[in-house]
Amino acid sequence: MEETVRFREQVVLVTGGTGALGGAVTRAFLQEGASVAVTYRTREEYESLQSSLATGSARLRGYATDVTNEDEMLRTVAAVEEEFHRLDGLVSTVGGLSGGTKLWDAERATLERMLDLNLRAAFVCARTVVPLLLRQGRGGYLVNVAARAALDQPAGAGAYAASKAAAVALMHSLAMDLKGTGIRVNSILPNIIDTPANRRAMPRADFATWITPEQIARVILFLCTPDARAVNGASITV
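All residue numbers here refer to positions counted from 1 along the written sequence of the relevant chain. Given that the model is predicted, a residue must reach a pLDDT of at least 70 before its local features are reported, and side-chain atom pairs must reach 80 or more before they are shown or counted; all residues, however, enter totals for whole chains, interfaces and linings. Water and hydrogen atoms were dropped before computing side-chain values, which therefore reflect all heavy atoms in the structure.

Enquirer: Sorry, what's going on with the overall build of the protein chain here?
Expert: Here a strand is any run of E in DSSP of at least two residues, a helix any run of H or I of at least four, and the numbering for each starts at the N terminus. From N to C terminus, the protein chain includes eight helices and seven strands. Scaling as 2.2 N^0.38, a compact globule of 238 residues should have a C-alpha radius of gyration of about 18 Å, and the protein chain matches this with 17 Å. For the protein chain, the spread of C-alpha atoms along the principal axes amounts to about 50 × 40 × 35 Å. Here's how the labels work: a residue is buried when its accessible area is under 20% of the maximum for its type, exposed when over 50%, partly exposed in between, all with a 1.4 Å probe on protein chains only. When burial is assessed residue by residue, the protein chain has 48% of its 238 residues classed as buried. Contacts are residue-level and defined by heavy atoms, with any inter-residue pair within 4.5 Å sufficient. Taking all contacts inside the protein chain whose residues are at least 6 apart in sequence as the whole, residues at least 24 apart take part in 72%. Here the protein chain displays about 11700 Å² of accessible surface, and carbon together with sulfur accounts for 51% of that area. Radius of gyration here is computed from C-alpha atoms only, and the compact-globule reference equals 2.2 Å multiplied by the residue count raised to the power 0.38. With residues, only the protein chains shown are counted as cover, and all accessible areas are computed by Shrake-Rupley using a 1.4 Å probe.

Enquirer: For this particular structure, what's the right way to read the pattern of salt bridges?
Expert: Note on pairing: side chains with opposite charge can pair once their charged atoms come close. Here a salt bridge means any side-chain nitrogen of Lys or Arg lying within 4 Å of a carboxyl oxygen belonging to Asp or Glu. A complete count under the given rule lists nine salt bridges for this structure. Note that D88 and R86 form a salt bridge whose closest N and O atoms lie 2.6 Å from each other. Of the residues examined, R86 reaches a relative accessible area of 23% and is grouped as partly exposed. When the shortest N-O distance is used, the salt bridge between D194 and R199 registers 2.6 Å. Classification of R199 by relative accessible area gives partly exposed; the value is 36%.

Enquirer: When you look at the layout of surface pockets in this model, what are you seeing that I'm missing?
Expert: A water-sized probe, rolled over the atoms, reveals where empty space remains. With a 1 Å grid laid over protein atoms only, a set of points is called a cavity when a 1.4 Å probe fits there but cannot get out and a pocket when it is open yet has protein on both sides within 12 Å along at least five of seven lines; lining residues have an atom within 4 Å of a point. Grid points are joined across faces, edges and corners, and a volume is the space filled by probe spheres set on the points. Approximately 1300 Å³ is the volume found for the largest pocket. Lining the largest pocket are 45 residues; nearest its centre among them are T93, G95, G96, L97 and I193. Only α1 (20-31), β2 (35-40), α5 (149-152), α6 (158-177) and α7 (196-201) provide two or more residues apiece to the lining of the largest pocket. Here the lining of the largest pocket gets four residues from one element, more than from any other, and that element is α7. When the residues that make up the lining of the largest pocket are grouped by side-chain class, the tally is 22 nonpolar, 17 polar and six charged. For this scheme, ten residues count as nonpolar: Ala, Val, Leu, Ile, Met, Phe, Trp, Tyr, Cys and Pro. Four count as charged, namely Asp, Glu, Lys and Arg, and the remainder, Gly too, count as polar.

Enquirer: What is the right way to read the state of the cysteines from this model?
Expert: Disulfide: a covalent bond formed between the sulfur atoms of two cysteine residues. Two cysteine sulfurs form what is called a disulfide whenever their separation falls within 2.5 Å. Following the criterion strictly, the structure yields zero disulfides and no others. Between C125, a cysteine without a disulfide, and C224, which holds the nearest cysteine sulfur, the sulfur-to-sulfur distance is 15 Å. Judged by its relative accessible area of 1%, C125 is buried.

Enquirer: Can you walk me through the packing of helix α4 (residues 108-136) against α6 in this structure?
Expert: A packed helix pair is summarised by two numbers, namely the angle formed by the two axes and the spacing between the axes. Helix axes use the C-alpha atoms of the stretch in contact, all axes being lines fitted to C-alpha atoms, and the angles between their N-to-C directions lie in the range 0 to 180 degrees. Contact geometry of α4 with α6 gives a least axis separation of 8 Å together with a crossing angle of 15°. Taken together, the axis directions place α4 and α6 in an arrangement best described as roughly parallel. In terms of crossing hand, the pair formed by α4 and α6 is right-handed. Counting all contacts with α4, which are made through T110, L111, M114, L115, N118, L119, A122, F123, A126 and V130, the residues of α6 involved are A159, Y160, S163, K164, A166, A167, L170, M171 and L174. Working rule for angles: under 35 degrees goes down as roughly parallel, over 145 as roughly antiparallel, 65 to 115 as roughly perpendicular, anything else as oblique. Crossings are assigned a handedness: left-handed for a near helix turned anticlockwise from the far helix by less than a right angle, right-handed for a clockwise turn.

Enquirer: Can you help me understand the nonpolar core in this one?
Expert: Nonpolar side chains in soluble globular proteins tend to end up buried together. Within the largest apolar cluster, 32 residues are counted, with the highest numbers of intra-cluster contacts made by F29, V91 and I220. For this core, the secondary structure elements donating two or more residues are β1 (11-15), α1, β2, α2 (43-52), β5 (140-145) and α8 (213-223). At six residues, the largest contribution of residues to this core is made by α1. Apart from residues no more than four positions distant in its own chain, I220 is found in contact with V25, V91, V143, V145 and I188. For our purposes a nonpolar core is just a set of buried Ala, Val, Leu, Ile, Met, Phe, Trp, Tyr and Cys residues, chained together by side-chain atoms within 4.5 Å. Counting 28 residues, the second largest nonpolar core, distinct from the first, contains V67, L90, L174 and A175.

Interpretation in functional terms is not warranted from these geometric data alone.
Listed below in C-alpha cells is the structure:
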C-alpha cells in the first residue's frame, strides 16, 4: 500500500501499541509515514505486531514497559528520545475492563485494578511524556482512550466507569494546564470495540453495531493532525 505523508518525520509513542486497538493505531501511523514506538507486555505480542505489518516495519520500535510504573516509563521515554531524537505525541491505549457485578458483590481488588489500568497508566504516561514535549518547544499531542462508560455509567460496572471518568477528568485538566504551549490533549470514548476478545465474551451480541479498531484509529489520527489544532480538552464519543 502506498503511504501518505501526514506524519512523515514525526515520532509517536503508542502505549499498549500491540493490542487490538493499539495495533490498529500503530499500523495507521506507520501507514502515514510516522516512526512509532510501542510499549508491550510480552515479546510475543511485539513480534505478532511486527509480522502483521504491511508497511513501515523499519520505523517501528518496541519497549517492554509496565506503563503504571513511572521509573519504567521514564526509561522508555528516554530510550525513545535517544533513538529518534524527538517525540511528537503520545497515544495511550492501555486499559482494562470489568463489569457484570453489582458494586456490593465486586471484589475490592477490582477497583485497584481498574484504577491502575485506566487512571494510573494515563497519569504516568502523561507525566513522563509532557516534560519532553515542553522541553522540545514544538507543541505536540496526547490522546487517551477512555470509554463511553465514563459518561453512561452502566449498572454492574462501577469500578470500571469510575476509573474511566476519572481519566477523562485528568486529561481535561491536563489540557487546561497546557493551554498556550501548542500541546493538545483529548480523550476518545468508544463504546464496545469489535475485537476477538469482545466477540468471545459476548457471542450473542450484534457485532455490526460495534465500532472497529481501525475506525477509532482514524479518529485518533485526525486529532493528531494540524487540522485538529483547535480541538483541545475534548472528550469525543465514537
